[in-house]
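Each chain, written out:
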Amino acid sequence: MFNLIGRKAIVTGANTGIGQGIAVALAKAGADIALVGRSAAAETQAMVQAEGRKAILVEADLSSIEPVGDVVSQTIEGLGRVDILVNNAGIIRREDALEFSEADWDAVVDTNMKALFFMSQAVGRHMVDWASQDGARGKIVNIASMLTFQGGIRVPSYTASKSGVGGLTKLLANEWASKGINVNAIAPGYIATNNTAALQADETRNRQILERIPEGRWGDPTDIGGAAVFLSSKAADYIQGHILAVDGGWLAR
Ligand code: NAP
C-alpha cells in the first residue's frame, strides 16, 4: 500500500531542506525522481541514486511560470511519465506590514502560489489522460505551512500565499478527484532549514518557538518525508483536499 515502486515523481525545490528530505523519502519508497531547482540539485541526486533510484536534474526558476512546460516535458522525456508532483519550492520575505514592498509581495506570491497552480495544471492535464487510459491515480502534494491556518507576523505575502495554497489544494481536489487525481497538502511546523535560519539564530524567538512545540524540538526535513510518501501512495487513494499538519503538536496547543 505504501510502496512507490515504478512511480515517477517531480519534486520542486529539491536542492535543500524539505524538498531534499521528500525526494529521498520518495526514493526510499521506490520512486524515480525529477529534481527541480534553480541550480542543479547534485547532492540530492546522489542521495536518490544511493537508494538505487533514478534521479534526473531539471534546472528551472519557478519565480515565473515560463519554465513550467519545459519542466514537465523534460520529466516525461527522462522518466516516461509523472505520477506524483510535490510542489515544494518556496520563499519567505520578512518585513513589518507597514513597510512591506510590492516586490516582496510579488516574489513570494508568484513562487509559492502562482507557480504551484500552473505546475499542477500542466501535470494535471497529463495525469487526467493517464488515469483514463490505465487507471493509475495521479498524486499532487502541495507544501503548505502553519500560516495556512494562522496569521504569522511580519510575513504578509507568505501568509497570503500559504493560505492560498490551502484553498487551491481543496479546489483542485474538488475538480480532479473524479478524474483520477488526489490533491492534498502537508503543513510543516517549524523545520530546521534555510527558510527558518533567521528564527533559529534569534535566541529569544528560538526559545519561544521551542517552548510552544509539544515535541520540544525543531522538525527535520526527514520528518516531512513520511507524510509525503503516505499522501503519494495507494494508502491515501480516498484522501482528498486534506492539509496534513506535521508540526510536533504546534497546532494542538
Ligand atoms: P529551503 O531550504 O530554503 O528550500 C526552499 C527550496 O525552494 C530550495 O531548494 C530553493 O532553491 C527552492 N526555490 C526557491 N525559490 C525557487 C524558485 N524561484 N525556483 C525554483 N526553486 C526555488 O526551505 P524549506 O524550509 O525546505 O522550504 C521548502 C518549502 O517548505 C517551502 O515551500 C516553505 O515555504 C515550506 N515550509 C517550510 C517550513 C519550515 O519551517 N522550514 C515550514 C512550513 C513550510 P534554491 O536552493 O535555489 O534556493
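What you are looking at is a predicted structure, and each value in this text was computed from that prediction instead of being measured.

For the rest of this paragraph, the subject is the sheet that holds strand E2 (residues 32-37). Read from one edge to the other, the open sheet built from 7 strands follows the order E3-E2-E1-E4-E5-E6-E7, with strand pairing classed as parallel. Unpaired on one side and paired on the other, strand E3 (55-59) and strand E7 (243-246) mark the two borders of the sheet. Put simply, the sheet's adjacent strands are angled 20° from each other on average, direction ignored. Pairing of E2 with E3 involves 5 bridges; the strand directions are parallel. Bridging across to E3, Ala-34 finds its partner in Ile-56. Across the sheet, helix H1 (residues 17-28) is in contact with strand E1 (8-12), E2, strand E4 (84-87), strand E5 (138-143) and strand E6 (181-188); its angle to E1 comes to roughly 170°. Here helix H3 (residues 68-79) sits on the sheet in contact with E1, E2 and E3, set at roughly 160° to E3.

Quick look at the site of the ligand now. With respect to spatial proximity, 28 residues lie near the ligand, and among them Arg-38, Leu-62, Asn-88, Tyr-158 and Thr-193 are the closest. At a separation of 3.2 Å, an oxygen atom of the ligand approaches a polar backbone atom of Gly-13. Its free accessible area being 880 Å², the ligand has 91% of it covered by the protein chains. Of all elements in the fold, only H1 and helix H5 (156-176) reach the threshold of two or more residues within the shell around the ligand. Its residues placed into classes, the shell around the ligand shows 11 nonpolar, 14 polar and 3 charged.

Relative to the helices and strands, Asp-134 resides in helix H4 (residues 102-134). With 79 residues separating them in the primary sequence, Asp-134 and Ile-213 have C-alpha atoms 44 Å apart. A distance of 2.8 Å separates a polar atom in the side chain of Asp-134 from a polar atom in the side chain of Arg-81.

With that out of the way, let us pick up the side chain of Thr-193. For Thr-193, the position within the fold is in the loop between E6 and helix H6 (197-201). Beyond its immediate stretch of four places on either side in the chain, Thr-193 contacts Gly-17, Ile-18, Gln-200 and Pro-221.

Before going further, it helps to spend a moment on the packing of H1 against helix H8 (residues 221-232). Running from N to C, H1 and H8 cross one another at 50°; their axes reach a closest spacing of 8 Å. Looking at the two axes, H1 sits oblique to H8. In this structure, H1 meets H8 at a crossing whose hand is right-handed. On H8, the residues touching Gly-17, Ile-18, Gly-21, Ile-22, Ala-25 and Leu-26 of H1 are Pro-221, Ile-224, Gly-225, Ala-228, Val-229 and Ser-232. Looking at the contact of H1 with H8 residue by residue, the classes come out as 8 nonpolar, 4 polar and no charged.

For the rest of this paragraph, the subject is the pattern of salt bridges. Applying the stated criterion across every chain, the model contains 13 salt bridges. Lys-28 is the partner of Glu-51 in a salt bridge, and the nearest nitrogen-oxygen pair spans 3.1 Å. Highlighted residues: Glu-51 in the loop between helix H2 (42-50) and E3 and Lys-28 in helix H1, separated in sequence by 23 residues. Overall, the relative accessible area of 58% leaves Lys-28 in the exposed class. Arg-81 is paired through a salt bridge with Asp-134; the nearest N and O atoms lie 2.8 Å apart. You can see Arg-81 sitting in the loop between H3 and E4 and its partner Asp-134 sitting in helix H4, a full 53 residues away along the chain. A relative accessible area of 45% places Asp-134 in the partly exposed class. Among the charged side chains, a salt-bridge network with shared partners connects Arg-7, Arg-81, Asp-83 and Asp-134.

Once that is clear, we can look at the packing of aromatic side chains. Scanning the entire structure with this criterion turns up 4 aromatic pairs. With a centroid separation of 6.3 Å and an interplanar angle of 40°, the aromatic rings of Phe-2 and Phe-230 are classed as tilted. Placement of Phe-2 in the segment before E1 and of Phe-230 in helix H8 is noted, with a sequence separation of 228 residues between them. Residue classification places Phe-230 among the partly exposed positions, given a relative accessible area of 25%. Ring centres 4.9 Å apart and planes at 85° place the aromatic pair Phe-117 and Phe-118 in the edge-to-face group. A relative accessible area of 27% places Phe-118 in the partly exposed class. Through pairs of rings, three or more aromatic residues link up here, namely Tyr-190, Trp-218 and Trp-250. Sitting above the plane of the Trp-250 ring, Arg-212 keeps its charged end 4.0 Å from the centroid.

The rules behind each value
Residues numbered from 1 in each chain as written. Predicted model: local features only at pLDDT ≥ 70, side-chain atom pairs only at ≥ 80, totals over all residues. Heavy atoms only, no water. Pairing = 2+ DSSP bridges. Helix = DSSP H or I, 4+ residues; strand = E, 2+ residues; numbered from the N terminus. Axes fitted to C-alpha atoms, helices over the stretch in contact; angles between N-to-C directions. Contact = heavy atoms within 4.5 Å. Near = heavy atom within 4 Å. Polar contact = N/O pair within 3.5 Å; in protein donor to acceptor, adjacent residues only side chain to side chain. Areas by Shrake-Rupley, 256 points an atom, 1.4 Å probe, with all protein chains shown as cover. Nonpolar A, V, L, I, M, F, W, Y, C, P; charged D, E, K, R; others polar. Parallel < 35°, antiparallel > 145°, perpendicular 65-115°, else oblique. Left-handed = near helix turned anticlockwise from the far one by under 90°. Salt bridge = Lys/Arg side-chain N within 4 Å of Asp/Glu carboxyl O. Buried < 20%, exposed > 50% of the residue type's maximum accessible area, 1.4 Å probe, protein only. Phe/Tyr/Trp six-rings, centres within 6.5 Å; stacked < 30°, edge-to-face > 60°. Lys NZ or Arg CZ within 6 Å of the ring centre and 35° of its normal.

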